[in-house]
Amino acid sequence: MSEGRFTVAPGTRLLHIGPHKTGTTALQGAFHQAREELARHGVVYAGKGRQAKEPAAAITTAEPTTGAGAAKKALWDAFCAEVAEAGDRRVAISSEFFSQADADAARAVVRGLGGTAVHVVVTLRPLHRILPSHWQQYVKHGLCESYEEWLDGMLRRPPYDKPTPDFWHRHRHDALLARWAEAAGPDNVTVVVVDDAEPQRLFRIFEDLLGLPEGILVPEAGGAGVNRSLTHSQTELLLGLNRRLRELELPRGKVVREGVVPQMQAYQPCSGEPRITTPAWAGAAAAEVAAEMVANISALGVRVVGDLAVLTRRADGTAEPPAPAGIPTAAAVEAVLGGIRAGSALASSRQAERARSDAVEDRPVRKVTAQDLLRVVARRARRRLRRRTRSAGRAGA
């Protein structure tokens, strides 16, 4: 059913589960910067950071029989206690990592956050907009398949789980909504259709849901709350780097993850730089999947804000993706700069660690903490391993 304006009751826990690539970063940034103003209107934004990623990841991946699982459960329980402390105030919770939950985890989330007090919100964008954005995100995390290869696996090769098995768990939106409707009840689920032509509309909808005056939720200054996608050329550069690292059996490590990728993402492309283009065959296949999902969502009985038909529209144009002509010099410079900065920071960190270890080694054992002692032992073990490796190399020469 389609609904107009709607406000949840006081004491409701408004749980936004994403999924990924549906405006989550901008929305979370708006909530995070407006914490004090929200509180003045009786709304708590749960968690300390921009989003509740750690608690969400804890409950959706917990293995209670392991030590790590017990730690995750403790983290989740602490988050639930924080939410419970809000009492009769409305609570907003947001993390796209809740969309990773299976049916059991979804029930555990709803139970932990307040049962019938939980109202789940799912934001949806057209699948043809999600595909290129998600592929470049996977490349940021080390994917080595080209866009065509990845689309082939997602749309042409059953069971559509290679090379990224989590994609359809997140973005088979009818199944996602069915899991959460079963966990919270259809009356406690709202679907928000994101309209890229009206980016401010998403903020207004969440203000209505929480009974907030218009204008409290606004984008962060300077685009801080925007998870900017890479251009076609940038993604091809990073894809080539991923492949070379794999060929050379070298780890991506912090230099790529925390240096190259963020610096590339901060680069402001010129208006003429090509974006990632979905081939016509994939656009048609995505439209068929979207139509099937919309039909199934319509039958769930959940509240819908916006027009579900938007999700079935095909991408404009049918041109095949152009081959990247080469990455602009400025973009390449930023990528290299990011690597240099991360490498320098990593070297400084290691130098500081060595200094701490040297200081520890000069103290009597009785005055050394167990943690510092472990660092010294690990450092000595690495030294012995390097010496043995060098000795073996000389013996085999």
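Described below are features of the structure shown in this document. Quantities reported herein were computed from a predicted structural model and do not represent experimental measurements.

## What to know about the overall build of the protein chain
Move 1: Each helix and strand in the protein chain was counted, giving 15 helices and six strands.
Move 2: Burial statistics for the protein chain: of 397 residues in total, 44% are counted as buried.
Move 3: The long-range share in the protein chain, meaning contacts at least 24 apart out of those at least 6 apart in sequence, stands at 78%.
Move 4: Counting every atom, the protein chain has about 20000 Å² of accessible surface; 54% of that belongs to carbon and sulfur.

## Some details on helix α9 (residues 173-184)
Move 1: Its twelve residues give α9 an end-to-end C-alpha distance of 16 Å, which sits within 8% of 16 Å, the value for a rise of 1.5 Å per residue.
Move 2: For α9, the buried fraction is high: nine of the twelve residues fall into the buried class.

## Concerning helix α13 (residues 280-298)
Move 1: Along its 19 residues, α13 runs 27 Å from first to last C-alpha, staying within 8% of the 27 Å computed at 1.5 Å per residue.
Move 2: Taken as a whole, α13 has its buried residues at Ala282, Gly283, Ala285, Ala286, Ala287, Val289, Ala290, Met293, Val294 and Ile297.
Move 3: Elements that come into contact with the buried residues of α13 comprise β4 (118-124), α6 (127-140), α7 (147-155), α8 (167-171) and α9.

## A word on the pairing of strand β3 (residues 90-94)
Move 1: Burial of β3 is extensive: five of the five residues sit out of reach of the surface.
Move 2: On β3, burial covers both faces: Arg90, Ala92 and Ser94 on one face and Val91 and Ile93 on the other are all buried.
Move 3: For strand β1 (residues 13-16) and β3, the ladder comprises four bridges, and the chain directions are parallel. Of the residues in β3, the one forming a bridge with Leu15 is Ile93.

## Side note on the environment of Asp88
Move 1: Here Asp88 lies in the loop between α4 (67-84) and β3.
Move 2: For Asp88, a relative accessible area of 69% translates into the label exposed.
Move 3: Along the sequence, Asp88 and Gly11 sit 77 residues apart, while their C-alpha atoms lie 4.0 Å from each other.

## Focus: the packing of helix α11 (residues 232-247) against helix α12 (residues 253-266)
Move 1: One can describe the packing of α11 onto α12 by two numbers: an axis separation of 11 Å at closest approach and a directional angle of 160°. As judged from the angle between their axes, α11 and α12 are roughly antiparallel. Taken as a pair, α11 and α12 cross one another with a handedness that is right-handed. Of the residues in α12, those touching α11 at Gln234, Leu237, Leu238, Leu241 and Leu245 are Val256, Val260, Val261 and Met264.
Move 2: In terms of residue class, the contact of α11 with α12 is built from eight nonpolar, one polar and no charged.

## As for the nonpolar core
Move 1: In terms of nonpolar packing, the biggest core is built from 42 residues, with Leu15, Ile93, Phe98, Leu113, Val120 and Trp180 touching the most fellow members.
Move 2: Of all the elements in the fold, those that place two or more residues in this core are α3 (53-61), α4, β3, α5 (103-113), β4, α9, β5 (189-193) and α13.
Move 3: With residues near it in sequence (within four places) discarded, Leu113 still touches Arg13, Leu15, Trp76, Phe79, Cys80, Val83, Ile93 and Val118.
Move 4: Formed by 28 residues, the second largest nonpolar core is a distinct cluster that contains Tyr138, Trp168, Ile276 and Met293.

## A look at the packing of aromatic side chains
Aromatic rings considered in pairs are described by the distance between their centres and by the relative angle of their planes.
Move 1: This model, assessed by the stated rule, comprises nine aromatic pairs.
Move 2: Consider the rings of Trp76 and Phe98, whose centres lie 6.3 Å apart with planes at 70°: the pair is edge-to-face. Taken together, the residues span a long stretch of sequence, with Trp76 in helix α4 and Phe98 in the loop between β3 and α5 at a distance of 22 residues.
Move 3: A residue is classified by how much of its surface remains accessible, and Trp76, at 5% relative accessible area, is buried.
Move 4: Assessed through its relative accessible area of 0%, Phe98 is described here as buried.
Move 5: Through a chain of ring-to-ring contacts, the aromatic side chains of Trp135, Tyr138, Tyr147, Trp150, Phe167 and Trp168 assemble into a single cluster.
Move 6: Across from the ring centre of Trp281, 3.6 Å away, lies the NZ or CZ of Arg156, which sits over that ring.

## Things to note about the sheet that holds β1
In sheet architecture, strand pairing relies on hydrogen bonds along the backbone and comes in two forms, parallel and antiparallel.
Move 1: Taken in spatial order, the six strands of this open sheet run β2-β3-β1-β4-β5-β6, and their pairing is parallel. Lying at the two open borders of the sheet, with one neighbouring strand each, are β2 (43-45) and β6 (303-305). Each adjacent strand pair in this sheet contributes to an overall mean axis angle of 20°, direction not counted.
Move 2: Bridge analysis of β1 against β4 gives four bridges, and the strand direction is parallel. Within β4, the position partnered with Leu15 by the bridge is Val120.
Move 3: Along the sheet face, α9 touches β1, β4 and β5 and points at about 175° away from the line of β4.

## Section: the pattern of salt bridges
Move 1: Overall, the coordinates contain 18 salt bridges when judged by the stated rule.
Move 2: Asp77 is the partner of Lys73 in a salt bridge, and the nearest nitrogen-oxygen pair spans 2.8 Å. Of this pair, Lys73 and Asp77 both sit in helix α4, separated by four residues, roughly a single helical turn.
Move 3: Across the pair Asp196 and Arg125 runs a salt bridge whose closest N-O atoms are separated by 3.1 Å. Placement of Asp196 in the loop between β5 and α10 (201-210) and of Arg125 in the loop between β4 and α6 is noted, with a sequence separation of 71 residues between them.

## A look at the environment of Phe31
Move 1: For Phe31, the position within the fold is in helix α1 (residues 24-33).
Move 2: Since its relative accessible area comes to 2%, Phe31 is described here as buried.
Move 3: The sequence separation of Phe31 and Ala46 amounts to 15 residues, and the corresponding C-alpha distance is 9.8 Å.
Move 4: If sequence neighbours within four positions are ignored, Phe31 has contacts with Leu38, Tyr45, Ala92, Phe206, Leu210 and Leu217.

Cut-offs used in this document
Residues numbered from 1 in each chain as written. Predicted model: local features only at pLDDT ≥ 70, side-chain atom pairs only at ≥ 80, totals over all residues. Heavy atoms only, no water. Helix = DSSP H or I, 4+ residues; strand = E, 2+ residues; numbered from the N terminus. Buried < 20%, exposed > 50% of the residue type's maximum accessible area, 1.4 Å probe, protein only. Contact = heavy atoms within 4.5 Å. Areas by Shrake-Rupley, 256 points an atom, 1.4 Å probe, with all protein chains shown as cover. Expected span 1.5 Å × (residues − 1). Pairing = 2+ DSSP bridges. Axes fitted to C-alpha atoms, helices over the stretch in contact; angles between N-to-C directions. Parallel < 35°, antiparallel > 145°, perpendicular 65-115°, else oblique. Left-handed = near helix turned anticlockwise from the far one by under 90°. Nonpolar A, V, L, I, M, F, W, Y, C, P; charged D, E, K, R; others polar. Core = buried A, V, L, I, M, F, W, Y, C linked by side-chain atoms within 4.5 Å. Phe/Tyr/Trp six-rings, centres within 6.5 Å; stacked < 30°, edge-to-face > 60°. Lys NZ or Arg CZ within 6 Å of the ring centre and 35° of its normal. Salt bridge = Lys/Arg side-chain N within 4 Å of Asp/Glu carboxyl O.

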